[in-house]
Amino acid sequence: MTPVEPASYRTLSDHLWCIDTQQLREQLAACYLVGDGAHYAFIECGTNHSVPQLLALLDHLGIQREQVRYVIPTHVHLDHAGGAGLLMQELPEATLVMHPRGARHMVDPSALWKGVCAVYGDDEAERMYGALIPVPEERVRIADSGEQVAVGTRVLDVLDSPGHARHHFSLWDATTRGWFTGDTFGLSYREFDSAYGAFVIPTTTPVQFDPDAWKRTLDAYLARDPACMYLTHFCRVEDVQRLADDLRTAIDDYVTIARSLKDSHHRHDAIVDALSAHAVGAAQRHAAPLSEQAVRELLAHDIELNAQGLEVWLDREAA
């Protein structure tokens, strides 16, 4: 690979780094490098475009590629797992750990790619993610809920965590008392931070939004009394109980919005407008240091996907 600069990163604690994969913009998507000083795992891996920066960061930190023993996407959506095949080619001792529902899509990503192209279009999917590279089946480990992944002496507990997607799991790190939550603790962009702390909204990306399952996942998170949550979008947040309450309320609000607009003539546009207004109102109540226009612009991509996901859910509910 052509030499590149290391990814932008933050040291969160001993042998734990949050890495900005710089998808679309800075501080939108993260992955994490976690270990015990001898062995390491990437949790999430971004897209193909992220991989050279992740490898450069290993070099920068003095971590040999052979020390990385696991690559662990929380689910198969490409901002989390799109770079898995390419990254695995560069990490000779690594095993890819996947949810039981997601593993086959890493071994044969053709159906996954077809679905992504259906959402974004072929050209945009290629631009955003690059071509997907299959992972050899013998290098894939399926991890069920309740299993553990030992990264040296550091142990990560696996939890099936549906709500955003059925092929989603989360990882509990007892060392820091934190959950790596993928998308199931919502989106919390740092631009929205205020004197009240972090701000969170759901991510109902197509096609498996399930509000009841999502709230059960939140209950499972809180049962461990976590000190923090490690979000893919974006980085570590604390004040977990408040954010969980806010997220639960927002999920209910999204359901109400979707159902109230299910028969609208221009349903998609109406849901987008309602979600945008909901986000603006929530950000203003949170005293986020952003104008209404800035809120709408920063969340435009997410709200478009959220609206699509809510429509899929509405259609499934009506079937």
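Data block above holds the structure.
1. As for the packing of aromatic side chains
In this structure the tally under the stated criterion is 10 aromatic pairs. Pairing W17 with Y40 gives two aromatic rings, centres 6.1 Å apart and planes at 45°, and the pair type is tilted. Taken as a pair, W17 in strand 2 (residues 16-20) and Y40 in strand 4 (residues 40-43) lie far apart in primary sequence, 23 residues in all. Accessibility classification places W17 together with Y40 in one group, the buried group. A centroid spacing of 5.0 Å and a plane angle of 15° characterise the contact between F192 and F199, whose relative ring orientation is stacked.

2. Describing the pairing of strand 12 (residues 228-231)
Burial of strand 12 is two-sided: the residues C228 and Y230 facing one way and the residues M229 and L231 facing the other way are all buried. Pairing analysis gives four bridges linking strand 11 (residues 178-182) to strand 12, with the strands arranged parallel. In the strand pairing of strand 12, W179 is matched with M229. Chirality of the crossover, the property in question, places the unit of strand 11, helix 7 (residues 211-222) and strand 12 among those that are right-handed. Where strand 12 folds back onto strand 13 (residues 235-237) in an antiparallel hairpin, the turn is made up of three residues.

3. Describing the environment of G37
Relative to the elements of secondary structure, G37 occurs in the loop between strand 3 (30-35) and strand 4. Classification of G37 as partly exposed rests on a relative accessible area of 35%. Spatially, the C-alpha atom of G37 lies 26 Å from that of Q27, the residues being 10 residues apart in sequence. Residues in contact with G37, not counting those within four places in the same chain, are H15 and Q67.

4. Regarding the side chain of N48
Structurally, N48 is set in the loop between strand 4 and helix 1 (51-61). Owing to a relative accessible area of 10%, N48 belongs among the buried residues under this scheme. Only 2.5 Å separates the side chain of N48 from the backbone oxygen of A131, close enough to count as a polar contact. When neighbours within four sequence positions are excluded, N48 is seen to be in contact with G82, G83, L86, Y129, G130, A131 and L132.

5. Some points on the nonpolar core
If you look at the biggest cluster of nonpolar residues, it comprises 68 residues, and the most contacted ones within it are Y32, I72 and F185. Here this core gets nine residues from one element, more than from any other, and that element is helix 8 (residues 240-260). Counting 38 residues, the second largest nonpolar core, distinct from the first, contains A7, I19, I63 and V71.

6. Quick notes on the sheet that holds strand 10 (residues 169-173)
As summarised here, the arrangement of the six strands in space is 8-9-10-11-12-13, forming an open sheet in which the pairing is mixed. Every interior strand has two partners, whereas the edge strands, strand 8 (148-151) and strand 13, have only one. Strand after strand, the sheet turns through a mean of 25° between neighbouring axes, direction not considered. Of the strand pairs in this sheet, strand 8 and strand 9 (residues 154-160) are connected by four bridges, and their pairing is antiparallel. When the bridges of strand 9 are listed, V149 appears paired with L156.

7. Here's the deal with the pairing of strand 5 (residues 68-72)
By the criterion of burial, strand 5 is predominantly enclosed, with four of the five residues buried. Pairing of strand 4 with strand 5 involves four bridges; the strand directions are parallel. Along strand 5, the bridge assignment pairs A41 with Y70. Since strand 4 and strand 5 lie parallel, the crossover through helix 1 that links them has a hand, and here it is right-handed. As judged from the two bridges shared by strand 5 and strand 6 (residues 95-98), these two strands associate in the parallel manner. Its bridge partner lying in strand 6, V71 is registered against L96.

8. Let's talk about the sheet that holds strand 6
Sheet architecture is open: seven strands sit in the order 1-2-3-4-5-6-7, paired in mixed fashion. Across the chains shown, the open sheet's two edge strands, defined by having one partner strand only, are strand 1 (8-13) and strand 7 (140-142). Within this sheet the neighbouring strands show an average axis-to-axis angle of 25°, counted without direction. Inspection of the sheet shows strand 2 paired to strand 3 by five bridges, in the antiparallel sense. Residue pairing in the sheet places W17 in a bridge with L33 of strand 3.

9. Side note on the environment of W313
Here W313 shows up in helix 10 (residues 292-318). C-alpha separation for the pair W313 and P211, spaced 102 residues apart in sequence, amounts to 9.6 Å. The contacts of W313, once residues within four sequence positions are left out, are F209, P211, V255, A258 and R259.

What counts and how
- Residues numbered from 1 in each chain as written.
- Predicted model: local features only at pLDDT ≥ 70, side-chain atom pairs only at ≥ 80, totals over all residues.
- Heavy atoms only, no water.
- Phe/Tyr/Trp six-rings, centres within 6.5 Å; stacked < 30°, edge-to-face > 60°.
- Helix = DSSP H or I, 4+ residues; strand = E, 2+ residues; numbered from the N terminus.
- Buried < 20%, exposed > 50% of the residue type's maximum accessible area, 1.4 Å probe, protein only.
- Pairing = 2+ DSSP bridges.
- Right-handed = clockwise from strand over helix to strand, strands pointing away.
- Contact = heavy atoms within 4.5 Å.
- Polar contact = N/O pair within 3.5 Å; in protein donor to acceptor, adjacent residues only side chain to side chain.
- Core = buried A, V, L, I, M, F, W, Y, C linked by side-chain atoms within 4.5 Å.
- Axes fitted to C-alpha atoms, helices over the stretch in contact; angles between N-to-C directions.

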